[in-house]
Amino acid sequence: MENKITKNWYKVLQQEFDKPYFKSLKAKTNQAYSNHLCLPKTTEVFNAFNFCDFEQLKVVILGQDPYPTPGHAHGLCFSVTENVNPLPKSLINIFKEIKSDLNIEPPKNGNLERWAKQGVFLLNTVLTVQAGIPNSHKDFGWQFFTNEVIKTISYHKKNVVFLLWGGQAKQKIKLIDTSKHKILTSGHPSPLSANRGFWFGNKHFSQTNTYLKSKGLKEIIW
């Protein structure tokens, strides 16, 4: 695993990489990649950080762990590489909500790098997975690291919109200073949650842009 991240991120997270838990996490991850097909590629594990510079970050979207289907995950939560077709159902539901909320037609592919480059931090709480086995790396210790990432964003920045979808993401509210950031919650966009009425109609994308505009920040082109 290559924990190479941009200078601005490294500056605020450097001490995490030196802690015993991270060294243990790295060893477990390296062993898993040696013994099994794991996702995403080792060079893409920290893509969320490398596509969204810390200084430019305006929005945080939290996922769970990478897609376990080979060729799908590339280090950004909910995002897939350009050649994936059909799209994952959660991503289809995200695009449906954007269409309903902002009347923006779904894009031709599911690569969300375009969001990341505008300041949308697409963070999974667990950054790796064994192919075909969801949640297979959930006990490696990734949550210790990603919890610290969320706390770091909350502490060092202001006026960030946190989009927390589903029960696991909502548990992270306690890590965020609600007096200086905007938190929007809803059900998860997965079909199980969305089809029970917990996702569609949340209008998170227009609400995000309304908040950013109110703070003098550039809106996201969803």
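Structure first, text after, so check above.
Below: a short report on this structure. (Residues numbered from 1 in each chain as written. Predicted model: local features only at pLDDT ≥ 70, side-chain atom pairs only at ≥ 80, totals over all residues. Heavy atoms only, no water.)

Before going further, it helps to spend a moment on unusual backbone geometry. Here the bond from Leu-39 into Pro-40 is cis, since omega is -5°, no more than 30 degrees from zero. As for its placement among the helices and strands, Pro-40 is situated in the loop between β1 (38–39) and α3 (47–51). The step from Asn-85 to Pro-86 runs through a cis peptide bond, and the omega angle for that step is 5°. Looking at where Pro-86 falls in the secondary structure, it is placed in the loop between β2 (59–63) and α4 (89–102). The phi angle at Phe-78 is positive, at roughly 70°, despite the residue not being glycine. On the basis of relative accessibility, which here comes to 8%, the residue Phe-78 falls in the buried class. Backbone geometry places Asn-103, a non-glycine residue, at a positive phi of 60°. Within the secondary structure layout, Asn-103 lies in the loop between α4 and α5 (113–116). (Helix = DSSP H or I, 4+ residues; strand = E, 2+ residues; numbered from the N terminus. Buried < 20%, exposed > 50% of the residue type's maximum accessible area, 1.4 Å probe, protein only.)

Structurally, the position occupied by Thr-128 is in the loop between β3 (120–124) and β4 (129–130). Accessibility expressed as a relative area gives 0% for Thr-128, which makes it buried. Reaching out from Thr-128, the side chain makes a polar contact with the side chain of His-137 at a distance of 2.7 Å. Reaching out from Thr-128, the side chain makes a polar contact with the side chain of Trp-142 at a distance of 2.9 Å. Ignoring anything within four residues of it in the chain, the contact list for Thr-128 reads Thr-29, Tyr-33, Leu-39, Pro-40, Val-45, Asp-65, Pro-66, His-137 and Trp-142. (Polar contact = N/O pair within 3.5 Å; in protein donor to acceptor, adjacent residues only side chain to side chain. Contact = heavy atoms within 4.5 Å.)

Let us now look at the pairing of β3. The buried count for β3 comes to five of five residues, which makes it a mostly enclosed element. Here β3 shows two buried faces, one formed by Val-120, Leu-122 and Asn-124 and the other by Phe-121 and Leu-123. Here five bridges tie β2 to β3, and the two strands are oriented parallel to one another. In the sheet register, Val-59 faces β3, and the bridge partner there is Val-120. (Pairing = 2+ DSSP bridges.)

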